Amino acid sequence: MRGMATRVPFNVATGVIGEKFGGADALVIYAEGDRDESAGESEVLHKMQDLERELRAKTGAVAVISPVPLVRAANRSFRYGEPKQEIIPESARALLIFLRFNSPPGALSSIVTNNGRAATLTAIYPDHKGETIRRSVIAAEEFIRRNPIGEVIVRLEKDRAQKGESFFSRNSLLDKWYYMLGPLLPDRHQSLVVQIRN
């Protein structure tokens, strides 16, 4: 049975795309700030860089696209090409603004918004397997939970079973039903979560 799954045309095509072009699936993570140009702050870019490294190490991402390499390369260029200067400087916001204003219109719109309020981090994976998707989403959620940015984070989160809850508990069974039949079911209840940074 396992041999048959690898010969399905979709799986064969995904494998060829992964071998030839380096990736077949992408996970896009949005980082949005509370004011213009907040995506270029040094702290935000450092967290994005840490997330990139974690996704590569723990989930097998073959490439990651974000503003981080652009800012690092620009800083190196402004420092006469010195390899030691390929870092995220304290003046990262100014570098990102400079890059946005001195590039063709829309050239960076897939990475950072025109007002600099939001940026994206795209991790590219070599396959489209459920285990890869699950592992990468869990790793990203855990990283974001461990590394909050900003003083106050307010978000709506869907109700879920607590860690360690029994398999047949009401919330655990609801998790499974919503995972399998989510689009067919009514929206799940959400809770307002306010997280204050210590």
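Model, not experiment: these values are computed from the prediction.

Undergrad: What should I look at first to understand the overall build of the protein in this one?
TA: When you go through the protein residue by residue, the secondary structure sums to seven helices and five strands. Helices (α) and strands (β) of the protein occur, in sequence order from the N terminus, as α-α-β-α-β-α-α-β-α-β-α-β. Expressed as a percentage of its 198 residues, the buried residues of the protein come to 29%. For the protein, the share of sequence-separated contacts (at least 6 apart) that also reach a separation of at least 24 residues comes to 68%.

Undergrad: Got a minute to help me understand a nonpolar patch on the surface in this structure?
TA: Together, Phe-167, Phe-168, Leu-173, Trp-177, Tyr-179, Met-180, Leu-181 and Leu-184 make up a nonpolar patch on the protein surface, roughly 970 Å² of accessible area in all. Checked against the element boundaries, Leu-173 lands in helix 7 (residues 170-181). Overall, Leu-173 belongs to the partly exposed group, its relative accessible area being 30%.

Undergrad: What is the right way to read the side chain of Ser-42 from this model?
TA: Relative to the assigned elements, Ser-42 resides in helix 3 (residues 42-59). Not counting the four nearest positions on each side in its chain, Ser-42 is found in contact with Ile-88, Pro-89, Glu-90 and Ala-92.

Undergrad: I keep staring at the nonpolar core and nothing clicks. Help me out?
TA: One broad trend across soluble globular proteins is that nonpolar side chains are buried collectively. Within the largest apolar cluster, 26 residues are counted, with the highest numbers of intra-cluster contacts made by Ile-29, Leu-45, Met-48, Leu-55 and Leu-121. At the level of elements, strand 1 (25-32), helix 3, helix 4 (67-78), helix 5 (92-101), strand 3 (118-125) and helix 6 (130-146) are the ones that each hand at least two residues to this core. Among the elements that take part in this core, helix 3 stands out by supplying five residues, more than any other. Other than its neighbours up to four places away in sequence, Leu-121 contacts Leu-27, Val-28, Ile-29, Met-48, Leu-51, Glu-52, Leu-55, Val-64, Ile-65 and Ser-66.

Undergrad: How should I be thinking about the environment of Thr-113 in this particular structure?
TA: If you trace the backbone, Thr-113 turns up in the loop between helix 5 and strand 3. The class of Thr-113 is partly exposed, set by a relative accessible area of 32%. In this structure the C-alpha to C-alpha distance between Thr-113 and Asp-36, which are 77 residues apart in sequence, comes to 9.5 Å. Polar side-chain contacts of Thr-113 include one of 3.2 Å to the backbone nitrogen of Arg-117.

Undergrad: Would you mind showing me how to read the packing of helix 4 against helix 5 here?
TA: A pair of packed helices is captured by two measures, namely the crossing angle of their axes and the spacing between those axes. Relative to each other, helix 4 and helix 5 sit at 95°, their axes nearing to 10 Å. Between helix 4 and helix 5, the angle falls in the class roughly perpendicular. Side by side, helix 4 and helix 5 meet where Pro-67, Leu-70, Val-71, Ala-74, Asn-75 and Phe-78 of the first sit next to Ala-92, Leu-95, Leu-96, Phe-98 and Leu-99 of the second. A per-class count over the contact of helix 4 with helix 5 returns ten nonpolar, one polar and no charged.

Undergrad: Is there a simple way to explain the environment of Ser-38 in this structure?
TA: Mapped onto the elements, Ser-38 comes out in the loop between strand 1 and helix 3. Once the C-alpha coordinates of Ser-38 and Ala-118 are considered, the two residues, 80 residues apart in sequence, prove to be 7.4 Å apart. Not counting residues up to four positions away in its chain, the partners in contact with Ser-38 are Gly-33, Val-44, Gly-116 and Arg-117.

Undergrad: Would you mind going over the side chain of Glu-37 with me for this structure?
TA: Looking at the secondary structure, you find Glu-37 in the loop between strand 1 and helix 3. Under the relative-accessibility criterion, Glu-37 is labelled buried at 17%. Each residue touching Glu-37, except ones within four places of it in the same chain, is listed here: Arg-93, Ile-97, Arg-100, Asn-115, Gly-116 and Arg-117.

Quick notes on the rules
- Each chain carries its own residue numbering, running from 1 in the written order of its sequence.
- Per-residue local features are limited, in this predicted model, to residues with pLDDT of at least 70; the limit for side-chain atom pairs, both in listing and counting, is 80 or more; totals at the level of whole chains, interfaces and linings are taken over all residues.
- Hydrogens and water molecules were not included; the side-chain quantities draw on all heavy atoms of the structure.
- Segments assigned H or I by DSSP are reported as helices when at least four residues long, segments assigned E as strands when at least two residues long, and all are numbered from the N terminus.
- Only protein chains enter the area calculation, which uses a 1.4 Å probe; residues under 20% of their type maximum are buried, those over 50% are exposed, and those in between are partly exposed.
- Two residues form a contact once any of their heavy atoms are found within 4.5 Å.
- Only residues above 30% relative accessible area that lack a salt bridge enter a patch, with like-charged residues linked at up to 9 Å and the nonpolar side chains Val, Leu, Ile, Met, Phe, Trp and Tyr linked at up to 5 Å.
- For accessible areas, the Shrake-Rupley method is used with a probe of radius 1.4 Å. Any residue's cover is judged against the shown protein chains and nothing else.
- The working definition used for a salt bridge is a side-chain nitrogen of Lys or Arg within 4 Å of a carboxyl oxygen of Asp or Glu.
- Working definition of a nonpolar core: buried Ala, Val, Leu, Ile, Met, Phe, Trp, Tyr and Cys residues. They are joined through side-chain atoms within 4.5 Å.
- The term polar contact refers here to a pair of N or O atoms within 3.5 Å; inside protein, the definition further demands a hydrogen-donor-capable atom paired with an acceptor-capable atom, and it admits residues adjacent in sequence only when both atoms are side-chain atoms.
- Simply put, an axis is a line fit to the C-alpha atoms, just over the touching stretch for a helix, and the angle between two N-to-C directions goes from 0 to 180 degrees.
- If an angle is under 35 degrees, it is roughly parallel; if it is over 145, roughly antiparallel; if it lies from 65 to 115, roughly perpendicular; otherwise it is oblique.
- Each residue receives one of three labels: charged for Asp, Glu, Lys and Arg, nonpolar for Ala, Val, Leu, Ile, Met, Phe, Trp, Tyr, Cys and Pro, and polar for the others, Gly being one of them.

In short, the description is geometric, and any link to function would need to be established separately.
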